[in-house]
Amino acid sequence: MPKLNALVAGSTGYIGVQLIKLLINHKYINIKYLCGNSSVGKNISYYDKSLSKKKLPKIVKFNPKLLNGIDVVFTALPNGEAQDIAKKLNDNITLIDLAADFRLKKANDYLKWYKQIHRAPKLQKKSIYCLPEINRDELKNHNIISCPGCYPTSILLPLVPLIKKKLVKLDNIIIDSKSGYSGAGRGVHKKYKDKNLYESLSAYGVGFHRHNSEIHQFLSKFTNKNFQFSFTPHLSPMFRGILSTIYLDLEKNVNQSKIIKTLEMSYKGENFVKILDSDKLLSTNDVINTNNCFITVCKSKYKNKIIIISAIDNLIKGGAGQAVQNLNNKFNFPERTALK
């Protein structure tokens, strides 16, 4: 099988570098171009020394002429920039976006949450928001694939099966998530320079974090009822990983055992979602450097409540790994290709 030619735009950020690390081990991908702005002319090894012995192109500035002969474009850019690239693509190129440009279906929602006018609203409607374990079957007819955010990935995977089966009440879902500081990008060191980043825990985006929008949009696909959830993200003094703790009220005649069985059946045969034994202790260390999402269901001191904990690596399952997983499903490659 001939290799696909890939262009990576936004190659020097934490997720861009992680994506390159995965793609160099992908037997069906040839990285033809790495694109950046302030990094033009540099080797990618400047940003990660572990890539110094890899044969990779020097970083160049993106221009539409580079798209000749390209099969897939990955965009790990600041919000808004993938929209401009998307308008320059032909029907033979697949765009896989790791930012938020195509996560929301309505231009008004994008304006509300991202404070930007969407510059490609027609393409926004044609794109697909793909969490592979839930809706990979819808990928084939879309050339613009939006990868879910890191927090939503850790939240939606445990929630969707339970909401589909009407096992939990929808009026008071509480979500507490903690992420490694890499989730805030390379600028995190300047942004949080007065917060003692490496030794303290910080809540941010309280009540109104942007990821509320995609969590609500996706969950709405699986219920006709109104629902309410509170989501609070935290930045923790670790480089990578996300741990989400979700507090749920159970419907009548539902117990911990039924919740576990439902999750086990929903993800039976999946490569990357693992349902652990009940009340199993879980940490981000269990999933670091993998594309896995581990989920455990814990008892509450109240019989009508449960606590679900999920863990992912924000740079892989919450970012670059999910992009490669979507690539594999789109082009019928074995799903585990380049992933572990």
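Calculation notes
- Sequence order sets the numbering: in each chain, residues are counted from 1 along the sequence as written.
- The model is predicted, so local features are restricted to residues of pLDDT at least 70 and side-chain atom pairs to those at 80 or more, both for listing and for counting; the totals for chains, interfaces and linings are taken over all residues.
- Hydrogens and water are ignored here; the side-chain numbers use all heavy atoms of the structure.
- Secondary structure is summarised from DSSP: a helix means a run of H or I of at least four residues, a strand means a run of E of at least two, and numbering begins at the N terminus for each.
- This radius of gyration counts C-alpha atoms alone. The globule rule is 2.2 Å times how many residues there are, raised to the power 0.38.
- Note on contacts: a residue pair is in contact if any heavy atoms of the two residues lie within 4.5 Å.
- Relative accessible area decides the class of each residue, using a 1.4 Å probe on protein chains only: under 20% of the type maximum gives buried, over 50% gives exposed, and in between gives partly exposed.
- When charges are counted, Lys and Arg are positive and Asp and Glu negative, with His and the chain ends excluded.
- By salt bridge we mean one thing: a side-chain nitrogen of Lys or Arg within 4 Å of a carboxyl oxygen of Asp or Glu.
- Pairs of N or O atoms are called polar contacts if they sit within 3.5 Å, as long as, within protein, a hydrogen donor faces a hydrogen acceptor (for residues adjacent in sequence, only side-chain-to-side-chain pairs).
- Put simply, buried Ala, Val, Leu, Ile, Met, Phe, Trp, Tyr and Cys residues joined by side-chain atoms within 4.5 Å make one nonpolar core.
- The criterion for a disulfide is a pair of cysteine sulfur atoms lying within 2.5 Å.

What follows covers the overall build of the protein chain. Secondary structure assignment for the protein chain yields 10 helices and 14 strands. Taking 340 residues into account, the globule formula puts the C-alpha radius of gyration at 20 Å, and the protein chain, at 20 Å, falls close to it. Counting only C-alpha atoms and orienting by the principal axes, one finds that the protein chain spans roughly 60 × 45 × 40 Å. The long-range fraction of contacts in the protein chain, counting pairs at least 24 apart against all pairs at least 6 apart in sequence, stands at 69%.

Below, the discussion takes up the side chain of Asp101. The topology assignment puts Asp101 in the loop between β5 (94-97) and α3 (107-114). In this structure, Asp101 is buried with no salt-bridge partner, the nearest side chain bearing the opposite charge being Arg119 at 6.0 Å. Among the polar contacts listed, one links the side chain of Asp101 to the side chain of Tyr110, at a separation of 3.4 Å. Aside from chain neighbours lying at most four places away, what touches Asp101 is Asn79, Gly80, Glu81, Ala82, Gln83, Tyr110 and His118.

Right, let's get into the pattern of salt bridges. Within this structure, the stated rule accounts for 10 salt bridges. Across the pair Asp84 and Lys87 runs a salt bridge whose closest N-O atoms are separated by 4.0 Å. Overall, the relative accessible area of 27% leaves Asp84 in the partly exposed class. Between Lys317 and Glu133 there is a salt bridge whose closest N-O contact spans 3.0 Å. Remark: Glu133 occurs in helix α5 (residues 132-135) and Lys317 occurs in helix α10 (residues 316-330); sequence separation between them is 184 residues. Via salt bridges that share partners, Asp84, Lys87 and Arg119 belong to a single interconnected network.

Right, let's talk about the nonpolar core for a bit. Ranked by size, the top nonpolar core spans 39 residues in total, and within it Leu159, Ile173, Leu248, Ile259 and Ile308 carry the most contacts. The dominant element in this core, judged by the number of residues it contributes, is helix α6 (residues 150-164), at nine residues. Once residues lying within four places of it in the same chain are set aside, the contact partners of Leu248 are Leu159, Leu162, Val168, Ile173, Asn304, Lys305, Ile306 and Ile308.

Time to look at the state of the cysteines. Overall, the coordinates contain zero disulfides when judged by the stated rule. Here Cys35 stays free of any disulfide, with the sulfur of Cys147 as its closest cysteine sulfur at 18 Å. Since its relative accessible area comes to 3%, Cys35 is described here as buried. The thiol of Cys147 is unpaired, and the distance to the nearest cysteine sulfur, on Cys130, comes to 7.9 Å. Residue classification places Cys147 among the buried positions, given a relative accessible area of 2%.

On to the side chain of Asn291. You can see Asn291 is positioned in the loop between β12 (273-275) and β13 (293-299). A relative accessible area of 0% places Asn291 in the buried class. Within the local environment of Asn291, its side chain forms a polar contact with the backbone nitrogen of Lys317, the two atoms lying 3.5 Å apart. Apart from residues no more than four positions distant in its own chain, Asn291 is found in contact with Phe272, Ile316, Lys317, Gly321, Gln322, Gln325, Leu339 and Lys340.

What is shown is where atoms sit, not what they do.
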